[in-house]
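Residues per chain are reported as follows:
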Amino acid sequence: MILRLFFSELRLLSRNKAQVLNPLAFLFLGVMLFSVGVPSTVQSNGIYAGAVLWFIVLLTNLLALDGLFRRDYDNGVLEQILCASEIPFMVILMRIFVHWLHTGLLITLLAPLLGLALGIEAHALPVVMLALLLGTPALSFIGATGAALTVGFSRGGVLLALLVLPLFLPVLIFGANVINDAVAGIDNTAQLYWLAFISMVAFTIGPFATTVGLKISVQLQ
Amino acid sequence: MLSASNLISQRGGMDVFKSINFELKAGQCVEVLGDNGAGKTTLLRTLAKIHTQYNGHFRCDNFLYQGHRLALDELLNAVENLTWHGHLRGQVRSEEQIFSALDRVEMSRNSLSPCAQLSQGQQRRVAMARWLLSVAGVWILDEPVTALDQSGQELLVRILNQHCAGGGAVLYSTHVTLPVVNKLTLVVEAVENQRFAR
């Protein structure tokens, strides 16, 4: 049954290509604007690359988060998930997971391109990918909680950013450090473990918090 | 199957309507009447456990809830929507089951077009197919008559009667009384001027 729900989520995604492509376009545009904006005389592009890459990834994730529950809220599907489903938690977990697939995982796969555009040296790219793979689940699972709480507001985007960006801070700190260390050739295993740890905590708590948040939002509808 | 004693829903700590008592046995319908803003929707949402601020008691087992929003995803077609609702309940519905339900609500011709392209009334009919497919004994329906044409309203009454005859129970809110057999009437009255009284 879980698998069936997962496939119907994927089918929904295939019908709603804008939801996948718009954040991606934003991601590439952001990276491109930065590399164009930095003067070519500055050869130390790589120093900021980690922070810039993570920051743009955070913003991309935020952009995609706003639409995570919006349609379901408007058309009443969310009510049904909460009152008719055997385990609302599982359905919501599935939604967040699929959100991660088309943001976090997709960004991870495209990371080499983004990294090269930002001037990260090729030897560090595998680590960049690993850091994104370990860190992005945290963004989706923390962000979903914020999205659940703000879904009731028609202009909830700014509020969502204010609510969620501070919570993304640990991911940004460790994520950017991992990339900088990789560029400098320093061992960064400990920070990768930290990223994995943050993601595990977000994965454990996030879906429950999201379910509670959605219940509050639907009740106020 | 469905009962409430001294049930009062609350919003922001204030009572929404005067206390409600009823008991619904298998084969019965309750018609919930009340002015605009009297709290019909809040009552139905309380019974469906979506609205959780209330005083008093109610019992409601194995129910289906249909709100103002029809819970049809506009990107999916009728068949996909009904399949999804089955999965949500942990049921696997065969294509024949779904098509026969859509046939009964006279929607088999539009069954493969995305719900965004259906009219309001047609979407209502797809929602009715969802009730037909569900195994829930109690149906809680919020203004099911809305947007339905003449034949749609007759269909609705037929479906409700059939569900009750089969041992089910229905509680629906409406502004137009429906010719349903074996019907109780429940009037929801708003608590007046409470905001000013405090």
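Our subject is the structure that appears above.
Bear in mind that the values here come from a model prediction, so they are computed numbers and not experimental data.

Each value, and the rule that gives it
Residues numbered from 1 in each chain as written. Chains lettered and ligands numbered in written order. Predicted model: local features only at pLDDT ≥ 70, side-chain atom pairs only at ≥ 80, totals over all residues. Heavy atoms only, no water. Disulfide = S-S within 2.5 Å. Contact = heavy atoms within 4.5 Å. Buried area = accessible area lost by both parts, 1.4 Å probe. Salt bridge = Lys/Arg side-chain N within 4 Å of Asp/Glu carboxyl O. Polar contact = N/O pair within 3.5 Å; in protein donor to acceptor, adjacent residues only side chain to side chain. 1 Å grid on protein atoms, 1.4 Å probe; cavity = no way out; pocket = protein on both sides within 12 Å on 5 of 7 lines; lining within 4 Å. Points joined across faces, edges and corners; volume = space filled by probe spheres on them. Helix = DSSP H or I, 4+ residues; strand = E, 2+ residues; numbered from the N terminus. Nonpolar A, V, L, I, M, F, W, Y, C, P; charged D, E, K, R; others polar.

Participant: Can you break down the state of the cysteines residue by residue, with the values?
Facilitator: Throughout the structure, instances matching the rule amount to zero disulfides over all chains. No disulfide involves Cys164 of chain B; its nearest neighbouring cysteine sulfur is the one of Cys29 of chain B, lying 3.3 Å away.

Participant: Describe the interface of chain B and chain A, with residues and values.
Facilitator: Taken together, the contact between chain B and chain A spans 29 residues of the former and 28 residues of the latter. With both chains or domains summed, chain B and chain A bury close to 2500 Å², and 55% of this area falls on carbon and sulfur atoms. It is Arg69, Trp84 and Leu88 of chain B in chain B that bury the most area against chain A; as a group they hold 26% of the surface buried on that side. Inspection of the chain B/chain A interface yields four salt bridges. For Glu80 of chain B, the salt bridge is made with Arg11 of chain A, and the minimal N-O distance between the two is 3.6 Å. For the pair chain B and chain A, the interface holds 13 residue pairs in polar contact (both at pLDDT 80 or more).

Participant: I'd like a rundown of empty space enclosed by the protein, residues and numbers included.
Facilitator: In the structure shown here, the tally under the stated rule is six cavities of 30 Å³ or more. Each pocket or cavity is described by its volume, and for the largest cavity that value is around 190 Å³. Within the residue set of the lining of the largest cavity, elements represented by two or more residues are helix H1 (2–15), helix H4 (70–75) and helix H6 (88–117) of chain A. It is H6 of chain A that contributes the most residues to the lining of the largest cavity, four residues altogether. Taken together, the residues of the lining of the largest cavity sort by class into five nonpolar, five polar and five charged. Every residue lining the second largest cavity is listed: Gln80 and Ala84 of chain A together with Leu64, His85, Leu88, Arg89, Arg93, Arg130 and Ser134 of chain B.

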